[in-house]
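Secondary and tertiary structure notes
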Amino acid sequence: MTLIEKIIDYMEASKYNIFRKPAEKNIVYIEGKGKDGVLNFDEPNHFNDLRLVFAFNRDGDALIEGSWEATTEPGYYYTDNPMNPNGAARIAFGQYRAWQVGIHGYSDPHEALVQVAPVRVHRDWNRDMVRTGDALDSGLFGINQHHGYNHPVDDIHTASAGCLVGRNRQEHFSFMKLIKSDPRYVANPDFIFTTTIIPGNKL
């Protein structure tokens, strides 16, 4: 079974929305899988997750249109120096309709998907960099989808306090160009995108 078949099977079993009209983009993050689709050890403070976009063609075939190195988790810096006193945010696995095209950041502002609706996060109050036992929180936390400033694979550094981050600048701009070709966004620049976050060991 191919990676895209596994993703669709998982999303169907989870009763998640799958957008099947031609060229509509499905944004997926797979935690603990690299660009090769192979499960890894999901080490802390690494860009070892997968950002992926797939769509269906006019024949109804699902195609992966782009995949990039990413992280769905904060690194050491914001785990040890959380922006919230209850702990750094680690997004809860699931599907959320919560992002619009906008601008992320102040020191290096760039086009990104900006959170505009609530998502659920686990608060890493004990700073162990795993979700187990952590309290759930829901709200608007600035969980954006932006780039990781070309930080090395083995050091998230300050690139993520809980955001969904593609490691490489140019790859991120390719991601943004791709999702902005979605006919729903072309028709309405205020379109709200849906994103699915999947644990790699469940595929």
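In the block above lies the structure referred to throughout.
Quick look at the structure, then. (Residues numbered from 1 in each chain as written. Predicted model: local features only at pLDDT ≥ 70, side-chain atom pairs only at ≥ 80, totals over all residues. Heavy atoms only, no water.)

Here's the deal with the overall build of the chain
From N to C terminus, the chain includes four helices and eleven strands. Against the compact-globule benchmark of 17 Å for 203 residues, the chain has a radius of gyration of 16 Å, which places it among compact chains. If one aligns the C-alpha atoms of the chain with their principal axes, the spans along those axes are about 50 × 35 × 30 Å. When each of the 203 residues of the chain is scored for burial, the buried share is 52%. Nonlocal contacts in the chain, meaning residues at least 24 apart in sequence, comprise 62% of its contacts between residues at least 6 apart. If you sum the accessible surface of the chain, you get close to 9600 Å²; carbon and sulfur atoms cover 51% of it. Of the side-chain charges in the chain, 21 are positive and 26 negative, and the distance between the mean point of each set is 5 Å. (Helix = DSSP H or I, 4+ residues; strand = E, 2+ residues; numbered from the N terminus. Rg over C-alpha atoms; globule rule 2.2 N^0.38 Å. Buried < 20%, exposed > 50% of the residue type's maximum accessible area, 1.4 Å probe, protein only. Contact = heavy atoms within 4.5 Å. Areas by Shrake-Rupley, 256 points an atom, 1.4 Å probe, with all protein chains shown as cover. Lys, Arg positive; Asp, Glu negative; His and termini not counted. Charge placed at Lys NZ, Arg CZ, Asp CG, Glu CD.)

What to know about empty space enclosed by the protein
Considering all chains together, one arrives at one cavity of 30 Å³ or more under this definition. Empty space within the largest cavity amounts to approximately 50 Å³. Counted by class, the lining of the largest cavity contains four nonpolar, three polar and four charged residues. (1 Å grid on protein atoms, 1.4 Å probe; cavity = no way out; pocket = protein on both sides within 12 Å on 5 of 7 lines; lining within 4 Å. Points joined across faces, edges and corners; volume = space filled by probe spheres on them. Nonpolar A, V, L, I, M, F, W, Y, C, P; charged D, E, K, R; others polar.)

Things to note about the pairing of strand β4 (residues 88-91)
Burial along β4 is two-sided: Ala88 and Arg90 and Ala89 and Ile91, pointing in opposite directions, are all buried. Of the strand pairs in this sheet, β4 and strand β7 (residues 119-124) are connected by four bridges, and their pairing is antiparallel. The partner of alanine 88 across the bridge, within β7, is aspartate 124. (Pairing = 2+ DSSP bridges.)

Observations regarding the side chain of asparagine 26
Topologically, asparagine 26 is positioned in strand β1 (residues 26-31). A distance of 2.9 Å separates a polar atom in the side chain of asparagine 26 from the backbone nitrogen of phenylalanine 19. Apart from residues lying up to four places away in sequence, asparagine 26 is in contact with Asn17, Ile18, Phe19, Leu52, Val53, Phe54, Ala55 and Phe56. (Polar contact = N/O pair within 3.5 Å; in protein donor to acceptor, adjacent residues only side chain to side chain.)

Details of the packing of aromatic side chains
Tallied over the full model, the rule gives six aromatic pairs. With 6.0 Å between their ring centres and 70° between their planes, phenylalanine 54 and phenylalanine 56 make a pair best called edge-to-face. Across the pair, exposure class does not vary: phenylalanine 54 and phenylalanine 56 are buried alike. Each member of the aromatic cluster is reached from another via a ring pair, and the members are Tyr185, Phe191 and Phe193. (Phe/Tyr/Trp six-rings, centres within 6.5 Å; stacked < 30°, edge-to-face > 60°.)

Points about the sheet that holds strand β8 (residues 135-139)
With respect to topology, three strands assemble into an open sheet ordered β4-β7-β8, the strand pairing being antiparallel. Of all the strands in the sheet, just β4 and β8 have a single pairing partner and so form its edges. Ignoring which end each strand starts from, the neighbouring axes of this sheet average 45° apart. (Axes fitted to C-alpha atoms, helices over the stretch in contact; angles between N-to-C directions.)

Digging into the nonpolar core
In this structure, Leu113 and Phe175 are the most contacted members of the largest nonpolar core, which totals 26 residues. Elements supplying a minimum of two residues to this core: β1, β3 (62-71), β4, β5 (94-104), β7, α3 (169-179) and β11 (193-199). Excluding residues that lie within four positions of it along the chain, leucine 113 makes contacts with Ile27, Trp99, Gln100, Val101, Asn144, Gln145, Phe175, Met176, Ile179 and Phe193. By size, the runner-up hydrophobic cluster in this structure holds 13 residues, among which are Ile18, Leu50, Phe56 and Ile198. (Core = buried A, V, L, I, M, F, W, Y, C linked by side-chain atoms within 4.5 Å.)

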